[in-house]
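Examining the three-dimensional arrangement
Chain by chain, the residues run as shown.
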Amino acid sequence: MNIAMAMVKGKYLARVDHDDCAMPNRFEMQVDFLERNPSVTIVGSQLEHFHDQAGITGLPLDDAMIKARMVEGANYLANQSTLGRLDFYRTHALQFDPNLYVVDDLGFWMDCMFHGASFANLPEPLTRYRIHANMTSLTLRLDRLYASKDRIYRRFLPLLFPRLQGNECEHLLTLYRRPQDMPQTLAHLVNLHRAARKALLEVDTRWGQSASGCQQSILSLLNSARHGFEMLGILRPEHAAVLDLIFQS
């Protein structure tokens, strides 16, 4: 992608991954959208899953919620569906970070956001996303993935949630792991609830993200961790009641 961005000529840059398919009208619709909406920098679309799985994504359409969903790291923008303004990427010397394993796209879109980009998703599925046994997301090296997410969110979380202290941010970083890969203690859950509560006290929205959407993303990550600890038999109902009190205090 970095080589392509350096070599390509034109006004827009589209992304299509090698195992996916662009619909015949994809580029026409996306170019038309950007031509009619000069304030939007990057436009994506919904994905239509095919091959081993069928379905259509429900990605948010507006800029504020797309940016808020980056806090959760899921369901924000489909990298392989995007069409962006090439002059914006070049003006700000934006590149994909090759040291970010798998989540290089998330790091790239965050950098775009910090440089003033505005996003949109079209409601139509304009890219067909192939689900198959050998796709990257099903053959991950978790240690490399976690290290890359730590690198991204150690920078991102304190910017969006200015009340966070360093140790609180470190606790929240574990929310981007599977529950079985987090510290397996109730004390860690207590720390997670205290850190999440601190994050929700203030959201910096200078980049245009939805404050309530950012808060909901943190809550979604926290609830997912709680559910995982319940499935592992670590979190019992009486513990959950105490955690709720800690979170609400």
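Here the residue index of a chain counts from 1 through its sequence in written order. Where local features are concerned, this predicted model is filtered to residues with pLDDT of at least 70; where side-chain atom pairs are given and counted, the filter is 80 or more; whole-chain, interface and lining totals use all residues. To obtain the side-chain values, all non-hydrogen atoms of the structure were used and water was disregarded.

Quick look at the overall build of the protein
Under the convention used in this document: Segments assigned H or I by DSSP are reported as helices when at least four residues long, segments assigned E as strands when at least two residues long, and all are numbered from the N terminus. Radius of gyration here is computed from C-alpha atoms only, and the compact-globule reference equals 2.2 Å multiplied by the residue count raised to the power 0.38. Between buried and exposed lies partly exposed: a residue is buried under 20% and exposed over 50% of the maximum accessible area for its type, with that area taken using a 1.4 Å probe on protein chains only.
Broken down by element type, the protein carries 10 helices and 6 strands. Taken over C-alpha atoms, the radius of gyration comes to 19 Å for the protein, in line with the 18 Å a tight globule of 249 residues would show. Seen through its C-alpha atoms, the protein measures out along the principal axes to roughly 60 × 40 × 30 Å. Looking at the protein as a whole, 49% of its 249 residues qualify as buried.

Quick word on empty space enclosed by the protein
Left-over empty space is what a probe sized like a water molecule reveals as it rolls over the atoms. Put simply, the test is: Points on a 1 Å grid over protein atoms alone make up a cavity when a 1.4 Å probe fits among them but cannot get out, and a pocket when they form an open set with protein on both sides within 12 Å along at least five of seven lines; lining residues each have an atom within 4 Å of a point. Grid points are joined across faces, edges and corners, and a volume is the space filled by probe spheres set on the points. As a working rule, the residues Ala, Val, Leu, Ile, Met, Phe, Trp, Tyr, Cys and Pro are called nonpolar, Asp, Glu, Lys and Arg charged, and the rest polar, with Gly in that last group.
What the rule picks out here adds up to 1 cavity of 30 Å³ or more. Roughly 60 Å³ of volume is contained in the largest cavity. Forming the boundary of the largest cavity are Met1, Leu13, Ala14, Arg15, Asn79, Thr82, Tyr89, Phe96, Phe108 and Trp109. Going through the elements one at a time, β1 (12-14) and α5 (104-114) are the ones with two or more residues in the lining of the largest cavity. Broken down by class, the residue content of the lining of the largest cavity amounts to 7 nonpolar, 2 polar and 1 charged.

Focus: the packing of aromatic side chains
The description of an aromatic ring pair uses the distance of the two centres, along with the angle that the planes make with each other. The condition that has to hold: When two rings of Phe, Tyr or Trp (its six-membered ring) have centres within 6.5 Å they constitute a pair, described as stacked for plane angles under 30 degrees, edge-to-face for angles over 60, and tilted for the intermediate range. The rule is short: NZ of Lys or CZ of Arg within 6 Å of the ring centre and within 35 degrees of the ring normal puts a charge over the ring.
By the definition in use, this model includes 9 aromatic pairs. On the basis of an interplanar angle of 75° and a centroid distance of 6.4 Å, the ring pair of Phe88 and Tyr89 is categorised as edge-to-face. We note that Phe88, like Tyr89, is buried. Through pairs of rings, three or more aromatic residues link up here, namely Phe88, Tyr89, Phe96, Phe108, Trp109 and Phe119. The aromatic ring of Phe96 is capped on one face by Arg15, whose charged end is 5.8 Å from the ring centroid.

Details of the packing of helix α6 (residues 142-160) against helix α7 (residues 166-173)
This is how the line gets drawn: What counts as an axis is a line fitted to C-alpha atoms, over the stretch in contact for a helix, and the angles between N-to-C directions run from 0 to 180 degrees. Orientation is classified from the angle alone, with under 35 degrees giving roughly parallel, over 145 giving roughly antiparallel, 65 to 115 giving roughly perpendicular, and any other angle giving oblique. Handedness of a crossing is defined here by the sense of rotation of the near helix relative to the far one, left-handed for an anticlockwise turn of less than a right angle and right-handed for a clockwise turn. The contact criterion used is simple: two residues touch if any of their non-hydrogen atoms lie within 4.5 Å.
Interhelical geometry of α6 versus α7 gives an angle of 130° and a closest axis separation of 10 Å. Here α6 is positioned oblique relative to α7, judged by the angle of their axes. Crossing geometry of α6 relative to α7 is assigned as right-handed. Note on element contacts: α7 touches α6 through Cys169, Glu170, Leu172 and Leu173, opposite Asp150, Tyr153, Arg154, Leu157 and Pro158. Here the contact of α6 with α7 is built from residues that sort into 6 nonpolar, no polar and 3 charged.

A look at the nonpolar core
Spelled out, the test is: Definition used in this section: a nonpolar core is a set of buried Ala, Val, Leu, Ile, Met, Phe, Trp, Tyr and Cys residues joined via side-chain atoms within 4.5 Å.
Within the largest apolar cluster, 60 residues are counted, with the highest numbers of intra-cluster contacts made by Met70, Tyr89, Trp109, Cys112, Phe119 and Phe161. When contributions to this core are tallied by element, the ones reaching two or more residues are α3 (63-72), α4 (86-91), α5, α6, α7, α8 (186-200), α9 (211-231) and α10 (237-248). Considering each element in turn, this core owes the most residues, 7 residues, to α5. When near neighbours in sequence (up to four residues on either side) are disregarded, Cys112 contacts Ile42, Phe88, Tyr89, Leu94, Ala117 and Phe119.

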